[in-house]
Amino acid sequence: MKAMPWNWTCLLSHLLMVGMGSSTLLTRQPAPLSQKQRSFVTFRGEPAEGFNHLVVDERTGHIYLGAVNRIYKLSSDLKVLVTHETGPDEDNPKCYPPRIVQTCNEPLTTTNNVNKMLLIDYKENRLIACGSLYQGICKLLRLEDLFKLGEPYHKKEHYLSGVNESGSVFGVIVSYSNLDDKLFIATAVDGKPEYFPTISSRKLTKNSEADGMFAYVFHDEFVASMIKIPSDTFTIIPDFDIYYVYGFSSGNFVYFLTLQPEMVSPPGSTTKEQVYTSKLVRLCKEDTAFNSYVEVPIGCERSGVEYRLLQAAYLSKAGAVLGRTLGVHPDDDLLFTVFSKGQKRKMKSLDESALCIFILKQINDRIKERLQSCYRGEGTLDLAWLKVKDIPCSSALLTIDDNFCGLDMNAPLGVSDMVRGIPVFTEDRDRMTSVIAYVYKNHSLAFVGTKSGKLKKTFSTGPQGGITEWIGVEGDPPEANIASEEQMLCVYLRCSSHKAISDQRVQPLLCCFLNVPGNSS
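Predicted model only: the values in this text are computed from it and were never measured.

Re unusual backbone geometry
Residue Pro97 is reached from Tyr96 by a cis peptide bond, and omega for that bond is -5°. Of note, Pro97 is situated in the loop between strand S6 (89-91) and strand S7 (109-111). Each neighbour pair has its own omega, and for Ala411 with Pro412 the value is -15°, a cis peptide bond. We note that Asn69 has phi near 70°; this positive angle belongs to a residue other than glycine.

Rendered as C-alpha cells:
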C-alpha cells in the first residue's frame, strides 16, 4: 500500500513521552528524554477500514485489533502476524433470525462487519470477536493464528446485539479455576427488546463448538440470567435505550457504566423533559437470577458547573500518593471518568468536560446504605424504566453486608441520590472523549484523548493534579479503548487524509509508544 505523505501525525509521540518518569506534578517544562524513550511505531489500516477495538495480550505483548471486516494480530512492534477476515457479506438488519439460519424475505445488500466487542479469553487461549453482521454473532478465534474455533449462530442466544455501531456492546469475563467461565454482556437494544436483553450472563464453555456456548447461565419459565427492557417503557420514552460506556469486574461484583434517558420536571415546571443520566450498574458475579441488580446515578461538579454526561471510564488503582490524599489504600480501586457538561445532549455533547475520580468503595457503601434502607421498608424501588410505576420497598429482618447479593424481593433496585466524583481538571474548549490510567512509581498517571485528536496526561495527587497537553492530529478523536501493557501505550486515531489526496478517504492509524514507564517498573 502506498504510504501517505502525512506521517507527521504521530510526532505527538515524541511529546507524549516528555515527563512521564517525573515523580512531581507537571507544572514546569520537563527535561528532554533520550531517543530510546521517545521511540514509537505505527500501523496503518486500509483506507476507510476503521479500527474499532484493541486488546493487548498481557502474557505475550501481542496486539489484537478489531477492525471493520477484519481482525489483526500484530507483534509488539506492530508487524502484522496474521489477519482474519470477518466480512463483508450479504445481510439486512431486519433479518431475524439471520439469513444464515433461515431464508429472509428482506432485500439483501453487501454489508460491512463492524467489530463490536473484542475480548481475550486467557483460560482457553482464544479471542472472542463479535461483529454487527447477522444480529451480532461472535467468532471464537485461536490466539496463536486466529484460526476459527467456533461460530455459534443457530440459537437466539447467539445473537448478542442488532446495533450496528462499534462501542454498543460491552463484555466482562468471570473466570473460574475448575468450572466453565461466564460472560456478562451489556448492550443497547435499538428498539428491539423482544430480541435482545439489555444485560445478561452467558455460559462460556470450554468447547468452542459446544451447543451451550453463550446460553444464559440460568433460564426457566419465570427467571433467567438477564434483564429486558419492558415494552411499557417505550410508551413513556419512545426512544429509550441503555447506552453502555464501560464494563469491569472487581471483588464479587461486575459493573457497567451507562447513559440512560429519563423524563424529569425542571425546577418550577409542571411539564417533563427528556434528559440523560449517567448510572453505574452493579451485579453479583454469582447471581443467576439478577436479584442483585442495582443502579446508582453518578456525576461530577466543579465551581457550580454540573458534568453529568459520561463519555469514558477506566478502572485503576489509587497508588500510594493519590491514596494518601484520598484516604484510601494504594491497592483500592478508583474509577477515572470523563463527563461532559449538562444532561440534555447525548449525540452532540457540549465541549465543556471534566476528568473525575470515583472511589469504588464509596459507591459500594452508598449501595449498601440503600439496600439496608429498602429492607427496612423505606422508600420505593426507584427504577422507573424497569418498573414503570413506583413499587414500595418491603421490610425484612436480615443482615446486609458488603457482599449482599439480593433476594427475590426489593429487586432490581435503584439508588436515587447521586454519587459525586472528585474533579481533577476541566476542559472548556476541546471535549475529552477517552481515558486510561495506571500507577507508576506510586503515582497515579492518566492519559486523556480529546475531540480534536489531542492527548493529555496528568499526574494525579488529588483535585489539584497537574496537566500537560500535547498537540495531536486534526481528525476524529482517539478511540475510547486506548490500551496499555507493560512498557507500551497504544492509541488509535482515524485520521482524515484530505490534506494528502483528493478523495478524502479515511485511513486508520495505530500508534504504539514504546518504553513507556508502566506498572512493571
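Section: the environment of Asn112
Positionally, Asn112 belongs in the loop between S7 and strand S8 (115-121). For Asn112, a relative accessible area of 44% gives the class partly exposed. Sequence separation between Asn112 and Asn164 is 52 residues, and the spatial gap between their C-alpha atoms is 9.4 Å. Each residue touching Asn112, except ones within four places of it in the same chain, is listed here: Val68, Asn69, Pro88, Ser132 and Leu133. A distance of 2.9 Å separates polar atoms of two side chains, one belonging to Asn112 and the other to Asn69.

Examining the nonpolar core
Leu257, Leu280, Leu335 and Phe339 are the most contacted members of the largest nonpolar core, which has 34 residues in total. With five residues, helix H4 (residues 360-374) is the largest single contributor of residues to this core. Every residue in contact with Leu280, bar those within four places of it in the chain, is listed here: Tyr255, Phe256, Leu257, Val294, Glu295, Val296, Ile298, Leu335, Ile363 and Ile367. Membership of the second largest hydrophobic core comes to 28 residues, among which are Tyr159, Phe240, Val254 and Trp385.

Focus on the packing of aromatic side chains
Counted by the stated rule, this structure contains 17 aromatic pairs. With 3.9 Å between their ring centres and 10° between their planes, Tyr96 and Tyr195 make a pair best called stacked. Separated by 99 residues along the polypeptide, Tyr96 in the loop between S6 and S7 and Tyr195 in the loop between strand S13 (181-187) and strand S14 (199-204) bring together distant segments of the chain. Ring geometry for Tyr195 against Phe196: centres 6.2 Å apart, planes inclined by 85°, an arrangement best described as edge-to-face. Take Phe196: its relative accessible area is 0%, and that puts it in the buried class. Three or more aromatic residues joined by ring pairs make a cluster, and in this case those are Tyr246, Phe248, Phe253, Tyr255 and Tyr314. Above the face of the Phe253 ring, Arg282 is positioned so that its terminal group lies 3.8 Å from the ring centre.

With respect to the state of the cysteines
This model, assessed by the stated rule, comprises five disulfides. One disulfide bridge connects Cys130 with Cys138, the sulfur atoms lying 2.0 Å from each other. The disulfide joining Cys130 to Cys138 has a torsion of about 100° about its S-S bond and is therefore right-handed. Look at Cys138 and you get buried, because its relative accessible area is 1%. One disulfide in the model links Cys284 with Cys405; its S-S distance is 2.0 Å. Every disulfide takes its handedness from the sign of the S-S torsion; for Cys284 and Cys405 that torsion is -100°, giving left-handed. Residue Cys284 is found in strand S18 (residues 273-284), and its partner Cys405 is found in the loop between helix H5 (384-387) and strand S23 (413-414); the two are separated by 121 residues along the sequence. Owing to a relative accessible area of 1%, Cys284 belongs among the buried residues under this scheme. Here Cys405 falls in the partly exposed class, since its relative accessible area comes to 28%.

Here's the deal with the layout of surface pockets
Considering only enclosed or pocket space, the second largest pocket measures out at about 450 Å³ in volume. Lining the second largest pocket are 22 residues; nearest its centre among them are Glu262, Met263, Leu383, Ala384 and Trp385. For the lining of the second largest pocket, the secondary structure elements donating two or more residues are helix H2 (233-236), strand S17 (253-264), S18, strand S19 (294-302) and H5. Broken down by element, the residue count for the lining of the second largest pocket peaks at four residues, all from S17.

As for the confidence of the model for the protein chain
Summarising the model, the protein chain shows a mean pLDDT of 82, and 79% of its residues fall at 70 or more. Scored below 50 in pLDDT, residues 1-38 shows 79 contacts in the model against residues more than four places distant or in partner chains. Note that residues 494-506 has pLDDT below 50 and, in this model, 29 contacts with residues that lie over four places away or in other chains.

Quick word on the pairing of strand S20 (residues 305-317)
As paired strands, S19 and S20 are joined by three bridges and run antiparallel to one another. By the bridge assignment for S20, Cys300 is matched with Tyr307. In this antiparallel pair of consecutive strands, S19 and S20, the connection spans two residues, and Ser303 shows a positive phi of 55°.

Structural notes on the sheet that holds strand S4 (residues 70-74)
Taking strand neighbours across the sheet as the criterion, the four strands line up as S2-S3-S4-S5 in an open arrangement whose pairing is antiparallel. Of all the strands in the sheet, the pair left with one neighbour each is strand S2 (51-56) and strand S5 (80-85). The average angle at which neighbouring strand axes cross in this sheet is 15°, direction not considered. The sheet contact formed by S2 and strand S3 (residues 63-67) spans five bridges and is antiparallel.

A few points about the pattern of salt bridges
One pass over the structure, following the stated rule, counts 19 salt bridges. When the shortest N-O distance is used, the salt bridge between Glu85 and Arg70 registers 3.9 Å. Note that Glu85 is positioned in strand S5 and Arg70 in strand S4, a separation of 15 residues in sequence. With its nearest N and O atoms 3.8 Å apart, the salt bridge here joins Asp77 to Lys79.

So, how was this worked out
- Residues numbered from 1 in each chain as written.
- Predicted model: local features only at pLDDT ≥ 70, side-chain atom pairs only at ≥ 80, totals over all residues.
- Heavy atoms only, no water.
- Helix = DSSP H or I, 4+ residues; strand = E, 2+ residues; numbered from the N terminus.
- Buried < 20%, exposed > 50% of the residue type's maximum accessible area, 1.4 Å probe, protein only.
- Contact = heavy atoms within 4.5 Å.
- Polar contact = N/O pair within 3.5 Å; in protein donor to acceptor, adjacent residues only side chain to side chain.
- Core = buried A, V, L, I, M, F, W, Y, C linked by side-chain atoms within 4.5 Å.
- Phe/Tyr/Trp six-rings, centres within 6.5 Å; stacked < 30°, edge-to-face > 60°.
- Lys NZ or Arg CZ within 6 Å of the ring centre and 35° of its normal.
- Disulfide = S-S within 2.5 Å.
- 1 Å grid on protein atoms, 1.4 Å probe; cavity = no way out; pocket = protein on both sides within 12 Å on 5 of 7 lines; lining within 4 Å.
- Points joined across faces, edges and corners; volume = space filled by probe spheres on them.
- pLDDT = per-residue confidence, 0-100.
- Pairing = 2+ DSSP bridges.
- Axes fitted to C-alpha atoms, helices over the stretch in contact; angles between N-to-C directions.
- Salt bridge = Lys/Arg side-chain N within 4 Å of Asp/Glu carboxyl O.

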